[in-house]
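Chain by chain, the residues:
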There are 2 protein chains.
Amino acid sequence: MKIGIVGLGLIGGSLAIDLRQLGHTILGVSRSPKTCQAAIARHIVHQASPELSLLAAAEVIFLCTPLGALQSTVEQLIPHLNSTTILTDVGSVKASVVEAIAPLWQNFVGGHPMAGTAESGLDAALSGLFIDRAYVLTPVASTPPAAVEVVSALVRSLQSKIYQCQPTDHDRAVAWISHLPVLISASLIATCMAEPDPTVLDLAQKFASSGFKDTSRVGGGNPELGVMMARYNQPEVVRSLYAYRHQLDQVIAQIEQENWTELEKWLKNTGSDRPLFIDS
Amino acid sequence: MKIGIVGLGLIGGSLAIDLRQLGHTILGVSRSPKTCQAAIARHIVHQASPELSLLAAAEVIFLCTPLGALQSTVEQLIPHLNSTTILTDVGSVKASVVEAIAPLWQNFVGGHPMAGTAESGLDAALSGLFIDRAYVLTPVASTPPAAVEVVSALVRSLQSKIYQCQPTDHDRAVAWISHLPVLISASLIATCMAEPDPTVLDLAQKFASSGFKDTSRVGGGNPELGVMMARYNQPEVVRSLYAYRHQLDQVIAQIEQENWTELEKWLKNTGSDRPLFIDS
């Protein structure tokens, strides 16, 4: 199959590596001629160009640009496509993306591979990045079933765990387990830094170990990605933050009222609930 | 040197292993006769007993009981001691401990080895647990400098990074980097579990990966330890929670007001501030 990939970063590059290994012909587009050259030189793609016209021959195109560039990319891409071409994206937010793209192109299937590393860019692209990771597809009523089947088959060939759900359900779920964690983790770092006594701040920095390290990790990550999550999933992110603040108020009340029995019960529950999300 | 250890769990057992290897004679006390037998059989201690009278000969005694048992342990221990015996504890909170113990025994040095694993109990005890970890001592005006010097020398021999500070400064610092993370991490789990739509909750549990895993880790830990932190460091924990909630309110406002420039600036700061606490 001829597969186009727009955006040769971590996700686009990793898709290219795996799909090429599976025997497909990979056509890559990147705004940067240097990235195009590198992708060809490293045998990640068969052909690459900064021009979207390269993708006229593609049967399926993965849109791997940042969320903010998706809609304009599709608008510029459409004149080059024939009507059977299937588009799918890899954005971490789905409702706003599907709302913007589905009216522009019928053969569009929203997608979100839940894989990544701390790195970004083509240099970070990896073989096997999607194995055993969740890959969510969010077709809507107007999405042709045949297009969903083609994208599903490609995703299955990457050995991902494939899920299908409504775009809004996806966005609400990822607000809980991906977007909210970034904001509460970043808030931890910011709150500690606001300690007014320099002696205490210095001690806190010296004493911090694995607990602080893990809890603060995603809050110290890519700022652009954090803004994109909040911006394109704003209603769900705000909703999750208010629910979180409500929970926090209950914990504060328990501790202020010295209600240790309730606090212990609550901590027992969080300990027994965590494995519902995480295997180990 | 004859060294007593009360409480043969992860910390007490690990101290016994390292101090014995350094040539000291180790006298261990545990309420559980089975733990005493195991500690002798595994050559972790030279002698062990459920009776505190075993420690009459000890020159330095490490108090490694849970925080809630510290004061009564010291009260029961005192009749067996001669006045030169040095006591030191390993509790994760210092102001309330020092306030309770210092009036009972002059040769007392508050201490907190900042080491641990996810496990607990004698079976979890390890050689080298304290190497390169922070070990805080919190002497006060009434603490004899000679007692501080003896405990410091033992701590240095464990290859820990030794720090000295005021008990209240310690408690404020650990509230930031250890106690607050537990509560915000547990609140994440509890908030996600409160999602009313079972479809969304199910998706959230399926989609959760490394970000949720790290951010929720300490909130899924030992509930008794979580309660002890909140109980014995209550004023500082409450203070840190209010500061955290204030920070959270600012983030909510930025996102509600779609102030993406400020949000990005804030996330850039948390990203560049995190390495002040954590090396890697």
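What counts as what
Residues numbered from 1 in each chain as written. Chains lettered and ligands numbered in written order. Predicted model: local features only at pLDDT ≥ 70, side-chain atom pairs only at ≥ 80, totals over all residues. Contact = placed C-beta atoms within 7 Å. Helix = DSSP H or I, 4+ residues; strand = E, 2+ residues; numbered from the N terminus. Nonpolar A, V, L, I, M, F, W, Y, C, P; charged D, E, K, R; others polar. Core = buried A, V, L, I, M, F, W, Y, C linked by C-beta atoms within 7 Å. Buried ≥ 20, exposed ≤ 12 C-beta atoms within 10 Å, placed from the backbone. Axes fitted to C-alpha atoms, helices over the stretch in contact; angles between N-to-C directions. Parallel < 35°, antiparallel > 145°, perpendicular 65-115°, else oblique. Pairing = 2+ DSSP bridges. Right-handed = clockwise from strand over helix to strand, strands pointing away.

### With respect to the interface of chain B and chain A
No. 1: Contacts between chain B and chain A engage 79 residues on the former and 79 residues on the latter.
No. 2: Where the side of chain B that touches chain A is concerned, the elements lending two or more residues are helix 6 (167-193), helix 7 (198-207), helix 8 (210-216), helix 9 (223-232), helix 10 (234-256) and helix 11 (260-273) of chain B.
No. 3: The element that contributes the greatest number of residues to the side of chain B that touches chain A is helix 6 of chain B, accounting for 21 residues.
No. 4: Classifying every residue of the side of chain B that touches chain A by side-chain character gives 45 nonpolar, 19 polar and 15 charged.

### A look at the nonpolar core
No. 1: In this structure, A:I177 and B:I177 are the most contacted members of the largest nonpolar core, which totals 184 residues.
No. 2: Apart from the residues lying within four places of it in its own chain, the contact partners of A:I177 are A:F277, B:C192, B:A204, B:F207, B:A208 and B:F212.

### So, the packing of helix 11 (residues 260-273) of chain A against helix 6 of chain B
No. 1: It is at 9 Å that the axes of helix 11 of chain A and helix 6 of chain B come closest, and there the two elements cross at 75 degrees. As judged from the angle between their axes, helix 11 of chain A and helix 6 of chain B are roughly perpendicular. Together, A:W266, A:L267, A:T270 and A:D273 of helix 11 of chain A and B:A186, B:I189, B:A190 and B:M193 of helix 6 of chain B make up the contact between the two elements.
No. 2: Residue composition of the contact of helix 11 of chain A with helix 6 of chain B, by class: six nonpolar, one polar and one charged.

### Thoughts on unusual backbone geometry
Residue and element names in this part refer to chain A.
No. 1: The backbone of D132 sits at a positive phi, close to 65 degrees, despite the residue not being glycine.
No. 2: As for its placement among the helices and strands, D132 is situated in the loop between strand 7 (111-113) and strand 8 (134-137).
No. 3: On the neighbour-count criterion, D132 (9 C-beta atoms within 10 Å) is exposed.

### So, the pairing of strand 9 (residues 161-164) of chain B
In summary, the side chains of a regular strand alternate between the two faces of the sheet.
Residues and elements named next belong to chain B.
No. 1: With four bridges connecting them, strand 8 (residues 134-137) and strand 9 associate as parallel partners. Note on strand 9: the bridge partner recorded for V136 is Y163.
No. 2: Handedness of the strand 8-helix 5 (residues 145-157)-strand 9 crossover: right-handed.

### Concerning the sheet that holds strand 4 (residues 60-63) of chain A
Residue and element names in this part refer to chain A.
No. 1: The strand order across the open sheet built from six strands is 3-2-1-4-5-6, with neighbouring strands paired in parallel fashion. Whereas interior strands pair on both sides, the edge strands pair on one side only; in this sheet they are strand 3 (47-49) and strand 6 (108-109).
No. 2: Here five bridges tie strand 1 (residues 2-6) to strand 2 (residues 25-29), and the two strands are oriented parallel to one another. Directly across from I3, in strand 2, lies its bridge partner I26.
No. 3: Sitting on the sheet, helix 5 (residues 145-157) is in contact with strand 4, strand 5 (86-89) and strand 6, with an inclination near 55 degrees to strand 5.

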